[in-house]
Amino acid sequence: MTSKLPWCVIGQGALGSLMAVHLAQQNEQVQLKLRRTGSTEIRFDGQTFRFQSNVQLLQPSLIFAAVKAYQVVPLIEELRRYEAFAESTLILSYNGMLANEEEWLRPQDWHWVTTHGAYRDGAEVVHGGHGQSWLGTMTGTAEKPEFFTALARALPPLHWQADLRVRRWQKLAINCLINPYTVLHRCRNGELPQHVAPAEWRSVAEEIVRLAAYQGVTLATDDLLTQAQQVVEQTARNRSSMLQDYLHQRPMEIAYLNGFVAAASAAAGWIAPTNQRLSEQVQSLSSMKSTTSKPNPDNAE
Ligand SMILES: NC(=O)C1=CN([C@@H]2O[C@H](COP(=O)(O)OP(=O)(O)OC[C@H]3O[C@@H](n4cnc5c(N)ncnc54)[C@H](OP(=O)(O)O)[C@@H]3O)[C@@H](O)[C@H]2O)C=CC1
Ligand SMILES: CC(C)(CO)C(=O)C(=O)O
């Protein structure tokens, strides 16, 4: 059975393209919403997929938006301008958190948290790491939606988790514990233990646990450290997404990771010094980089 509404995948990014081709393989009706009319062919696994594309949301749809954290607000501002948005379902996926998510996201909007890894290589999308995903909301009140089956068939395994808050905080913690250090030390994930003192790592996690508790989510520092350590081992050869963004001179998501922890802690009335420092160090690297020569991705070890 295919879904009643057509799918509208936002952009031709790595995860969006991966989802688009997998939904198409399941005979789902898939369109892309691009910034401009243009190439709508995506190659995957030796096959070429052709998609109808628009620059607007023309009809009520199941919107799948895997975008960078800094693209969420502009995307929502844009979607709100389309009449069809009110009748559409929005499934979002991005690393980190926004300070004022409730202002931008509707209570019924879905989050898709994933450990799949993908990247674009020209017209090709490469499924670099097979992982798993979770679907739910930040209110935890919704029933499992009808489109769950289509999404689960397209890119399994997909777990239903009505309340996705803990999962999102855990993912935030893992990214805060790994990503900035890979940029500061220009290293692969597996090399982090050589560079990061255990007490410092613990301090990053403790600051996150304190903030999460303030926001009503219970986490345990030791669990976060164990999970991050496992991810470091499982993804030892990876360059984190933040390191790749840095090396390719793309904006980084630091403001939505350690920067979010620092700013939200300050708003709550205390400082989170380790996350604050990491955020400042990464941000200063990115501003230095724009005034010096471009880093060469091939030279990074
Ligand atoms: N790739 C991966 O393996 C993983 C990624 N993540 C996280 O998931 C999120 C998405 O990652 P990824 O797929 O790599 O990101 P990409 O940058 O590859 O993809 C985002 C896509 O969305 C497009 N886009 C954003 N806003 C709009 C808009 N308003 N209209 C049309 N297109 C739009 C972008 O277009 P444009 O390029 O023109 O801006 C781009 O094509 C990030 O937060 C990332 O950290 C998490 C786990 C794994
Ligand atoms: C889990 C991890 C750290 C894998 O590299 C990741 O999500 C990222 O790079 O953003």
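Everything here concerns the structure above.
The structure reproduced in this document is the subject of the present report. These numbers come from a predicted model, not from an experiment.

1. Examining the sheet that holds strand β1 (residues 7-10)
Read across the sheet, eight strands follow the order β5-β2-β1-β6-β7-β8-β11-β12 without closing on themselves; strand pairing throughout is mixed. Sheet topology places β5 (52-54) and β12 (158-163) at the edges, where each strand pairs with a single neighbour. Within the sheet, the average angular offset between the axes of one strand and its neighbour, ignoring direction, is 25°. Where strand β8 (residues 110-114) lies against strand β11 (residues 133-137), four bridges are found, and the strand directions are antiparallel. Paired with Trp112 across the strands is Leu135, a residue of β11. Contacts between helix α5 (residues 165-184) and the sheet are confined to β8, β11 and β12, with β8 contributing the most and set at about 45° to the helix.

2. Quick look at the pairing of strand β9 (residues 117-121)
Across four bridges, the pairing between β9 and strand β10 (residues 124-129) is antiparallel. Paired with Tyr119 across the strands is Val126, a residue of β10. The antiparallel hairpin formed by β9 and β10 contains two residues in its connecting segment, where Gly122 sits at a positive phi of about 65°.

3. Details of the nonpolar core
If you look at the biggest cluster of nonpolar residues, it comprises 40 residues, and the most contacted ones within it are Val9, Met19, Ala20, Phe64, Ala65 and Ile91. The greatest single-element share of this core, amounting to eight residues, is contributed by helix α1 (residues 14-25). Sequence-distant contacts of Ile91, that is, excluding residues within four places in its chain, are made with Leu62, Ile63, Phe64, Ala65, Trp110 and Trp112.

4. Notes on the site of ligand 2
Lining the immediate surroundings of ligand 2 are Asn95, Ile174, Asn175, Ile178, Asn179, Asn189, Val231, Thr235, Asn238, Ser240 and Ser241. With four residues, α5 is the largest single contributor of residues to the shell around ligand 2. In terms of residue class, the shell around ligand 2 is made up of three nonpolar, eight polar and no charged.

5. Regarding the site of ligand 1
Among the 26 residues in the neighbourhood of ligand 1, the closest are listed as Gly11, Gly13, Ala14, Leu15 and Asn95. Residue assignment for the shell around ligand 1 shows that the elements contributing at least two residues are α1, α2 (72-80) and β9.

6. Points about the packing of α5 against helix α8 (residues 221-234)
At their nearest, the axes of α5 and α8 sit 9 Å apart, and the two run at 60° to each other. In this structure, α5 meets α8 at a crossing whose hand is right-handed. Contacts from Gln170, Ala173, Ile174, Leu177 and Ile178 of α5 reach α8 at Leu224, Gln227, Ala228, Val231 and Val232. Along the lines of polarity and charge, the residues of the contact of α5 with α8 split into eight nonpolar, two polar and no charged.

7. Describing the pairing of strand β7 (residues 89-93)
Most of β7 sits out of view: four of its five residues are buried. Across five bridges, the pairing between strand β6 (residues 62-66) and β7 is parallel. Bridging across to β7, Leu62 finds its partner in Thr89. Crossover handedness for the path β6 to α2 to β7: right-handed. In terms of strand pairing, β7 meets β8 through two bridges, oriented parallel. For Leu92, the partnering residue across the bridge sits in β8 and is His111.

Conventions adopted
- Residues numbered from 1 in each chain as written.
- Chains lettered and ligands numbered in written order.
- Predicted model: local features only at pLDDT ≥ 70, side-chain atom pairs only at ≥ 80, totals over all residues.
- Pairing = 2+ DSSP bridges.
- Helix = DSSP H or I, 4+ residues; strand = E, 2+ residues; numbered from the N terminus.
- Axes fitted to C-alpha atoms, helices over the stretch in contact; angles between N-to-C directions.
- Contact = placed C-beta atoms within 7 Å.
- Core = buried A, V, L, I, M, F, W, Y, C linked by C-beta atoms within 7 Å.
- Buried ≥ 20, exposed ≤ 12 C-beta atoms within 10 Å, placed from the backbone.
- Near = placed C-beta within 6 Å.
- Nonpolar A, V, L, I, M, F, W, Y, C, P; charged D, E, K, R; others polar.
- Left-handed = near helix turned anticlockwise from the far one by under 90°.
- Right-handed = clockwise from strand over helix to strand, strands pointing away.

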